[in-house]
Structures are given as structure tokens and as C-alpha cells.
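Residue-level listing of the chains:
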Amino acid sequence: STATLLRGRTLTFRRWPDSVDDHGAYVYEEDGGLLMRDGRIIAAGSYAEIAAQAGVGVETIDHRPHLLLPGFIDAHVHVPQMQVIASYGAELLDWLNNYTFPEESKFNDAQHGRRIARLFVDEMLRHGTTTVAAYCSVHKQSAEAFFAETHERNLLTIAGKVMMDRNAPDTVLDTPQSSYDDTKALIAEWHGKGRQLYAITPRFAITSSPEQMEAAGALASEFPALHVQTHLSENHAEIALTRELYPWSKDYTDIYAHYGLLGAKTLLGHCIHLCEREADVLSETGAVAVFCPTSNLFLGSGLFDYQRYRRREKPLRIAAASDVGGGTNYSMLRTMDEGYKVIALNGEKLNPFASFWQMTRGNAEALSVTDRVGTLDAGTEADIVVLDSRATPAMRLRMETVETLAEELFLIQTLGDDRAIREVYVAGRAAKSTIATS
Ligand code: GUN
Ligand code: FE
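The residue numbering used here restarts from 1 in each chain and proceeds along that chain's sequence as written. As a convention, the first chain written is A and the first ligand written is 1, with the rest following in written order. Totals for whole chains, interfaces and linings use every residue, but because this is a predicted model, local features are given only for residues with pLDDT of at least 70 and side-chain atom pairs only at 80 or more, for both listing and counting. Hydrogens and water molecules were not included; the side-chain quantities draw on all heavy atoms of the structure.

Q: Explain the sheet that holds strand S10 (residues 266-270) here, please?
A: Whenever strands of a sheet pair, they do so through backbone hydrogen bonds, lying parallel or antiparallel. Pairing between two strands requires that DSSP report at least two bridges joining them. We count a stretch as a helix when DSSP gives it H or I for four or more residues in a row; a strand needs E for two or more, and each element gets its number in order from the N terminus. Taken in spatial order, the eight strands line up as S5-S6-S7-S8-S9-S10-S11-S12 in an open sheet, and their pairing is parallel. The sheet is open, and its two borders are formed by strand S5 (72-78) and strand S12 (317-320), each paired with just one other strand. Here the average twist between neighbouring strands, direction ignored, is 25°. As paired elements, S5 and strand S6 (residues 129-136) share five bridges and run parallel to each other. Axes here mean lines fitted to C-alpha atoms, for a helix over just the part in contact, with angles spanning 0 to 180 degrees between N-to-C directions.

Here's what the structure looks like:
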């Protein structure tokens, strides 16, 4: 197999960057080289060093003056909500009932699911996202379609069919037994096939009966290596209804704890209105709170207190995500720009290194996949995004006055979107050309 050498300004993170002056938190090469072979990064360093190691005749792709970063990771998305984005005027429960459940009903049609899966991957890659943790619809065939698409295009993917058996139209309901059987069949078919990983996906406590929650807990204990994903504490009306449905619970978090669904591989969307006890439980179990700023703003759900969760005595593990289609953009740049504003409303500032750490290594840590993706370290899988900080007239003009890397990153986050993505490599292969243009 042949090797490829990428040349550009490489940036990767070692740990959380406390401030723009925390230079030990990242590794930046002004003229960097990444040598890739068989889908992996096999050497990383200065271009001169890596070029000497690669020897003469190695294919070199020169991306200067652009930045090379690990591909972006989106820790919470809904594939069947591509045609829900921009649905006007509702908060969570009405938004689900009026727009989302009817739309997800269409994924009973396998052909529709395959079409949307293809277009979803196109949008991900167009926006520089190389890994998602995804919810498919209740229909087994919708998960099959998404796994087939991401398998064919070789994306490291975490996904599952949602389990939901009540409080929604019949067309999007399963049963405790069928959700258990379908999940097991999907695990057998897809988990560990290529880069595909299965996530046990009870939608949230409102749409699962106690019997289904038990089935989800049984799956989680039968398959302890798998991710579990669900929603927690997003909206006040949601929380009130949840407490009515599980009157014995101490709080919303207690329900998931009761059914054995909390652990270091559990991803909990939103977590906006947690009390201290709930935050302690997440911290103790290692469950991840997923920050979905565009969605939380769009649905009027609330302001996730990122810095409080990070700095509390028992800190939370945090991921960041678009939550498309409650979220309003596929771009992790747009997501963290809105995230910055939410954190500002909580009286704090998120430094740009911390922001890009979150989109890459931070989300890889939250998804427990740092050994595979999220850095540019030798030995990891070669998922890489190429960022152009002069992608638009407004960006070019602002770049005239930029002096530091931190300022440049902040500019890319604040003004950037899909236009700032020059290329994206998936397991070592340039993938922008695989995106349909029509
Ligand atoms: N809670 C349960 N389902 C959903 C969903 O699809 N989107 C959001 N934002 N919250 C949810
Ligand atoms: Fe969601």
C-alpha cells in the first residue's frame, strides 16, 4: 500500500487548554507533515522531518497555508430530522409532536431512509465532521440504511435505532420486545463491522414504558462495551411530564440510574436543568453531558452552564453537538460559535483553543475513542479536516488584522461554516469529492 504525505499547518491537542497562553495543551507546526498509510497516520511532526522519513517519491499534498486538524466530531445528531430543521414556533414537546414524529414516520420506507442517510453523510463531510453519534428512527431499516452508508464511506460511526413505545403516533412506536430484538439484531449485524459501533438508544423516558426501560437496561448489561444514548433534562415541561410518568423517581436522572443506563459510555443530550444531586450522579458514573447550543437556543430550552459543570468539585464529562434537526446547523464551527455565546450569557468566555479541543479531542474523549480519532497522533485513524481561514471576503478582510493562532481560530469559529472546509480526509482518503453536488 502506498503512503501519502500531507503538508500544512498542523494543530492537535494534548489536553484541555486552560487559556490562550496554555501552550502545553496543544502541538502546532507552522510547516507540518502527516504521513498516512492504510487509513492511519503513521508519522506526524515537522514537514522536513516527516518528508525525510518518508523518502523520495512519496505522494505529497501541499495544503499550505491552510490548517490541518483532526476531523470534527458531533456527539449528538438525529439523521431522520434533515427535513425537520427550521420548523417554526414550538418548544420541545410540541416540536416533537407537530413536526418530528410525523417526519420520522417516513423512515418506515427503507428507500427514503437510504436517500436521507446518503444526504446526511454528504452534509457531515461538507462541514468537516468525520464522526457522529447518531439517532436513527424507530424503524430498524433506518439504522440499517445509516450503517450501510457510513460503512460504505468508511466513517467511524456510533449509531442506533431509537427505542420508543409510548406517547407518540403508532407509526413511530415499537414494543419492549421488538425494540430489544431489533437492537440485538442490529448489534449482531453492525457493531464492530468496519468502523461501525452500535449505541443502545432509548429516545427518552417519556417515550419509553417502564418495560422498555428495563429492556434497554438489559441490553446495556448484556453489552457493557456499547454506548448508550438518550436525552436528559432539556425543557421544563419535559421534566414535569417525566416526573409524572415515573412518580417514584428522585429526579429525572434517577430514572436512567434505576434502569442501569448510566456509565462512562452513556451520552446524555442537553442536561440543561440538572440539580446538584443529578450532576453528582453523572460525575460519579462518568456519564457524559452533551452541550447542544444551537438546539437549546432554537427550541428555547435553556442555557447549558458549561463552565459550572466543568469546574464543580465533581466535574462532568462534556461533549458538544449540533443536535440536528433541533439544532440549526451541521457545522461544528457554527455550533461552538453559538456555544461561545451561551457561555458568555453565563458570564464566562470559552477560549478558542478550548473550543477546538472540544470539537476534536474533547469529543473523542467523551465518546471514549481517543485511541482512534480526535488527534493527529501517529497510530490513530487518519480523519482530518483542512480549514481555510480566508474562505470568504469577510474572513479574508478580518485576517488582515489577525496576529496570533488563537485569534485565527476564533475568527474561523465566529465567521466560518462549510465554506471554510477545504478538504476532509476519512481514513486517509480525500472525501470531499464523494459529496454529491446536486
Ligand atoms: N428529546 C426526545 N427526542 C428528542 C429529539 O429528537 N430532539 C431533541 N432536541 N430532544 C428530544
Ligand atoms: Fe436530540
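Q: Would you take a moment to explain empty space enclosed by the protein for this structure?
A: Picture a little ball the size of a water molecule; that probe, rolled over the atoms, points out where space is still empty. Think of a 1 Å grid over the protein atoms and nothing else: a 1.4 Å probe that fits but is trapped marks a cavity, an open set flanked by protein within 12 Å on at least five of seven lines marks a pocket, and residues with an atom within 4 Å of a point count as lining. Grid points are joined across faces, edges and corners, and a volume is the space filled by probe spheres set on the points. Inspection of every chain in the model, using the stated rule, returns three cavities of 30 Å³ or more. Estimates place the volume of the largest cavity at around 90 Å³. Lining the largest cavity, in full, are His-78, Gln-81, Leu-92, Trp-95, Leu-96, Arg-203, Phe-204, His-231, Glu-234, His-270 and Asp-323. A total of three residues in the lining of the largest cavity trace back to one element, the largest contributor, which is helix H2 (residues 92-105).

Q: Any chance you could explain the environment of Cys-136 here in plain terms?
A: By the secondary structure assignment, Cys-136 is in strand S6. A residue is classified by how much of its surface remains accessible, and Cys-136, at 2% relative accessible area, is buried. Put simply, Cys-136 and Arg-203 are 67 residues apart on the chain and 10.0 Å apart in space, counted from C-alpha to C-alpha. Contact criterion: two residues are considered in contact whenever any of their non-hydrogen atoms come within 4.5 Å of each other. Not counting residues within four places of it along the chain, the set of residues in contact with Cys-136 comprises Pro-80, Ser-142, Ala-143, Phe-146, Ala-159, Gly-160, Lys-161 and Val-162. Between buried and exposed lies partly exposed: a residue is buried under 20% and exposed over 50% of the maximum accessible area for its type, with that area taken using a 1.4 Å probe on protein chains only.

Q: I would appreciate a short explanation of the coordination of the iron ion (ligand 2) in the present structure.
A: Octahedral metal centres with six donors ideally show angles of 90 or 180 degrees, and tetrahedral centres with four donors ideally show 109.5 degrees. Each metal's donors comprise the N, O and S atoms found within 2.8 Å of it (within 3.2 Å for Na, K or Ca). Water is not part of the atom list, so some coordination spheres may appear incomplete. All of the protein donors around the iron ion (ligand 2) are His-76 (NE2), His-78 (NE2), His-231 (NE2) and Asp-323 (OD); their distances to the metal are 2.1 to 2.3 Å. Tetrahedral means four donors with every angle between 85 and 135 degrees, whereas square planar (four donors) and octahedral (six donors) require angles over 155 degrees between opposite donors and between 65 and 115 for all others; sites fitting neither are termed irregular. Between the four donor atoms coordinating the iron ion (ligand 2), the angles at the centre fall across 89 to 172°, so the site counts as irregular. Residue His-231 is classed as buried on the basis of its relative accessible area, which comes to 6%. Among the residues examined, Asp-323 registers a relative accessible area of 4% and is labelled buried.

Q: Any chance you could explain the environment of Leu-415 here in plain terms?
A: The residue Leu-415 is located in helix H15 (residues 405-415) in this model. Sequence-distant contacts of Leu-415, that is, excluding residues within four places in its chain, are made with Arg-334, Ala-394, Met-395 and Arg-398.

Q: Sorry if this is basic, but what is going on with the state of the cysteines here?
A: Structurally, a disulfide amounts to a covalent bond that connects the sulfur atoms of two cysteines. Our working definition of a disulfide is a cysteine sulfur pair at a distance within 2.5 Å. Scanning the entire structure with this criterion turns up zero disulfides. Here Cys-271 stays unpaired: no disulfide links it, and the sulfur of Cys-292, its closest cysteine neighbor, is 8.8 Å away. Free of any disulfide, Cys-275 has its nearest cysteine sulfur in Cys-271, 12 Å distant.

Q: What am I meant to see in the packing of helix H12 (residues 332-345) against H15 here?
A: Each pair of packed helices can be summarised by the angle the axes make with each other and by the distance between the axes. Interaxial distance between H12 and H15 falls to 7 Å at its minimum, and their mutual angle equals 100°. By the criterion of interaxial angle, the relationship of H12 to H15 is roughly perpendicular. Between H12 and H15, the residues in contact are Leu-333, Arg-334, Met-336, Asp-337 and Tyr-340 and Phe-410, Ile-412, Gln-413, Thr-414 and Leu-415, respectively. Should an angle fall under 35 degrees it is called roughly parallel, over 145 degrees roughly antiparallel, and 65 to 115 degrees roughly perpendicular, with every other angle called oblique.

Q: Explanation requested: the site of ligand 1 in the structure shown.
A: Around ligand 1 lies a shell of 13 residues, among which His-78, Gln-81, Arg-203, Glu-234 and Asp-323 are the nearest. Here a polar contact means two N or O atoms within 3.5 Å. Within protein one must be a hydrogen donor candidate and the other an acceptor candidate, and residues neighboring in sequence count only if both atoms are side-chain atoms. In the environment of ligand 1, an oxygen atom lies 2.9 Å from a nitrogen or oxygen atom belonging to the side chain of Gln-81. Within the side chain of Glu-234, one N or O atom sits 2.7 Å away from a nitrogen atom of ligand 1. Calculation of accessible area relied on Shrake-Rupley with a 1.4 Å probe; when residues are assessed, cover is drawn exclusively from the protein chains displayed. Bound to the protein, ligand 1 loses 100% of the 280 Å² it would expose on its own. We call a residue near a molecule or strand as soon as one heavy atom of that residue lies within 4 Å of the molecule or strand.

Q: Even after reading the chapter, I still don't get the packing of aromatic side chains, so can you show me in this structure?
A: Given two aromatic rings, their pairing is described by the distance between the two centres and the angle made by the two planes. Aromatic pairs are defined between Phe, Tyr and Trp rings, using the six-membered ring for Trp, whenever the two ring centres lie within 6.5 Å; interplanar angles under 30 degrees are classed as stacked, those over 60 as edge-to-face, and all others as tilted. By the definition in use, this model includes 17 aromatic pairs. Note on Phe-120 and Phe-146: the rings are 5.9 Å apart at their centroids and 85° apart in plane angle, and the pair reads as edge-to-face. Placement of Phe-120 in helix H3 (residues 110-126) and of Phe-146 in helix H4 (residues 140-152) is noted, with a sequence separation of 26 residues between them. Both residues of the pair, Phe-120 and Phe-146, belong to the buried class. Here the guanidinium or amino end of Arg-7 rests over the ring plane of Tyr-47, the centre of that ring lying 3.7 Å away. Above the face of the Trp-190 ring, Lys-193 is positioned so that its terminal group lies 4.5 Å from the ring centre. Only Lys NZ and Arg CZ are tested; either one counts as a charge over a ring when it is within 6 Å of the ring centre and within 35 degrees of the ring normal.

Q: Could you clarify how one ought to interpret the nonpolar core in this entry?
A: Note on soluble globular proteins: their nonpolar side chains tend to be buried together. Counting residues in each nonpolar core, the largest one holds 110 residues, and the members touching the most others are Phe-120, Phe-146, Tyr-256, Leu-282 and Phe-356. Joining through side-chain atoms within 4.5 Å is the link that ties buried Ala, Val, Leu, Ile, Met, Phe, Trp, Tyr and Cys residues into a set, and such a set is a nonpolar core. In this structure, Ala-75, Ala-133, Cys-292 and Leu-367 belong to the second largest nonpolar core, which totals 18 residues.

Q: Before we go on, may I ask you to explain a nonpolar patch on the surface in this structure?
A: Residues Leu-297, Leu-303 and Leu-345 make up a contiguous nonpolar surface patch of roughly 260 Å² in combined accessible area. In this structure, Leu-303 sits in the loop between helix H10 (293-298) and helix H11 (306-311). Here Leu-303 falls in the partly exposed class, since its relative accessible area comes to 35%. Two distance rules govern patches: like charges are joined within 9 Å, and nonpolar side chains (Val, Leu, Ile, Met, Phe, Trp, Tyr) within 5 Å, applied only to residues with over 30% relative accessible area and no salt bridge. A side-chain nitrogen of Lys or Arg and a carboxyl oxygen of Asp or Glu constitute a salt bridge if their distance falls within 4 Å.

Q: What should I look at first to understand the side chain of Gln-229 in this one?
A: Relative to the elements of secondary structure, Gln-229 occurs in strand S9 (residues 227-232). From its side chain, Gln-229 meets the backbone oxygen of Ala-134 in a polar contact 2.9 Å long. Polar contacts involving the side chain of Gln-229 include one to the side chain of Thr-201, which spans 3.2 Å. Excluding anything up to four places from it in sequence, Gln-229 contacts Ala-133, Ala-134, Tyr-135, Ala-159, Gly-160, Ala-199, Ile-200, Thr-201, Pro-202 and Leu-267.

Q: Just to check I follow, could you spell out the sheet that holds strand S15 (residues 429-430) for this structure?
A: The strand order across the open sheet built from seven strands is S3-S2-S1-S4-S13-S14-S15, with neighbouring strands paired in mixed fashion. Strands at the two margins of the open sheet, each flanked by one partner only, are strand S3 (40-46) and S15. As paired elements, strand S13 (residues 384-387) and strand S14 (residues 421-426) share four bridges and run antiparallel to each other. Following the sheet pairing, Ile-384 is matched in S14 by Tyr-425. The sheet contacts of helix H13 (residues 352-366) involve strand S1 (4-13), strand S2 (26-37), strand S4 (59-70) and S13, and relative to S1 the element is tilted by about 120°.

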